[in-house]
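The residues making up each chain are set out below.
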Amino acid sequence: MRAVLVEPNPLIADALGRQLGMGKIRYDRQDWAGLEELLQQQGADGLGYDAIVLGSVDDPARCVAALRAHQVGAAILCLLDRRCVTTTVELLHAGADDVLVKPVVSAEVRARIEVARRRSRGLLSNAVRVGRLTVFLDGRDPEVGGERLRLSQREHAILGVLAAHHRRVVSKEHIYDEVYGLSGADPLDKVIDVYICKLRKKIAEATGGARYIETVYGRGYKFEAPPEHEDPAPALPTRRVLPGYAAFGRGVGEARLAG
């Protein structure tokens, strides 16, 4: 996960940066002017951040509104020096995803950012159901028909990235960034391919040979259930007509014909 931290006070920025690091969030530091310049040069799609953490900036509501006006879709988390209902309401109305009061704790910051990202992807919970698999985005191993599917840490992280983008192509570069962000690892070019092969084998063994992860050549990977494992569309409920109403309807029809 990548974030940009906007905090002019260096001591506070260092403290916030340590909390982001403890939450395994890779971050860059920028002042507001620098972030605006970056946005003008690269546009919203070019920023490449999952979250923007706004600290003590002048007129934070205006900053949030400006980001949303530029179609920035990243989660925006605002940090206040003290609790203020009026400011919190203004920030939320301007487009912020969440507001916290300093000091903050790494686990809470990451959790709130992940909630905002989950909403943006249209996910209602940490459990993603794909065919016979249930993938949990909160660290638990996935399940197949209620049975636990044991995965390594890396396998679990990669499957979580794919499940969060269910039915969409995920590039290898995006997986690198999500899984290896702060680990200090320098993965070989084929390391993601190796883990994908391991995941395919374990899922196939647990599902009777089904293939859930497809390679989209030149673009990345896509995670979705094979057709035979997709849940059928629910049948539309049939209208039940009570006997009294049926007789009443026949009577009305006969009366119309007689008239």
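Above: the structure in question.
A short tour of the structure in this document, coming up. Note that the coordinates shown come from a computational prediction; the quantities given were computed from them, not determined experimentally. (Residues numbered from 1 in each chain as written. Predicted model: local features only at pLDDT ≥ 70, side-chain atom pairs only at ≥ 80, totals over all residues. Heavy atoms only, no water.)

Re the layout of surface pockets
Estimates place the volume of the second largest pocket at around 540 Å³. In terms of residue count, the dominant contributor to the lining of the second largest pocket is helix 7 (residues 172–180) (four residues). Of the residues that constitute the lining of the second largest pocket, the class distribution is eight nonpolar, six polar and 10 charged. (1 Å grid on protein atoms, 1.4 Å probe; cavity = no way out; pocket = protein on both sides within 12 Å on 5 of 7 lines; lining within 4 Å. Points joined across faces, edges and corners; volume = space filled by probe spheres on them. Helix = DSSP H or I, 4+ residues; strand = E, 2+ residues; numbered from the N terminus. Nonpolar A, V, L, I, M, F, W, Y, C, P; charged D, E, K, R; others polar.)

A look at helix 6 (residues 153–164)
Taking 1.5 Å per residue as the helical rise, helix 6 with its 12 residues ought to reach 16 Å, and the 17 Å between its terminal C-alpha atoms agrees with that figure. Counting buried positions along helix 6 yields nine of 12 residues, so the element is predominantly enclosed. Residues of helix 6 that are buried include every one of Glu 155, His 156, Ile 158, Leu 159, Gly 160, Val 161, Leu 162, Ala 163 and Ala 164, and no others. (Expected span 1.5 Å × (residues − 1). Buried < 20%, exposed > 50% of the residue type's maximum accessible area, 1.4 Å probe, protein only.)

Thoughts on the packing of aromatic side chains
Per the counting criterion, the structure on display carries one aromatic pair. Here Tyr 212 and Phe 223 contribute two aromatic rings whose centre-to-centre distance is 6.2 Å and whose plane-to-plane angle is 35°, an arrangement assigned as tilted. Here the residue Tyr 212 occupies a position in the loop between helix 8 (191–207) and strand 11 (213–216), and Phe 223 occupies one in strand 12 (residues 220–223), the gap between them amounting to 11 residues. The exposure class of Tyr 212 is buried, given its relative accessible area of 1%. When the ring centre of Phe 136 is taken as reference, the NZ or CZ atom of Arg 140 above it lies at 3.9 Å. (Phe/Tyr/Trp six-rings, centres within 6.5 Å; stacked < 30°, edge-to-face > 60°. Lys NZ or Arg CZ within 6 Å of the ring centre and 35° of its normal.)

So, the environment of Leu 92
Mapped onto the fold, Leu 92 is located in helix 4 (residues 85–94). Residue Leu 92 is classed as partly exposed on the basis of its relative accessible area of 41%. Through-space distance from the C-alpha of Leu 92 to that of Cys 78 is 9.3 Å; in sequence the pair is 14 residues apart. The residues touching Leu 92, leaving out its near neighbours within four places in the chain, are Asp 97, Asp 98 and Val 99. (Contact = heavy atoms within 4.5 Å.)

Observations concerning the sheet that holds strand 11
Read from one edge to the other, the open sheet built from three strands follows the order 10-12-11, with strand pairing classed as antiparallel. At either margin of the open sheet sits one strand with a lone partner, and together these are strand 10 (169–170) and strand 11. Pairing of strand 11 with strand 12 involves four bridges; the strand directions are antiparallel. Note on strand 12: the bridge partner recorded for Ile 213 is Phe 223. Packing against the sheet, helix 6 makes contact with strand 10, strand 11 and strand 12, and its axis sits at approximately 75° to strand 12. (Pairing = 2+ DSSP bridges. Axes fitted to C-alpha atoms, helices over the stretch in contact; angles between N-to-C directions.)

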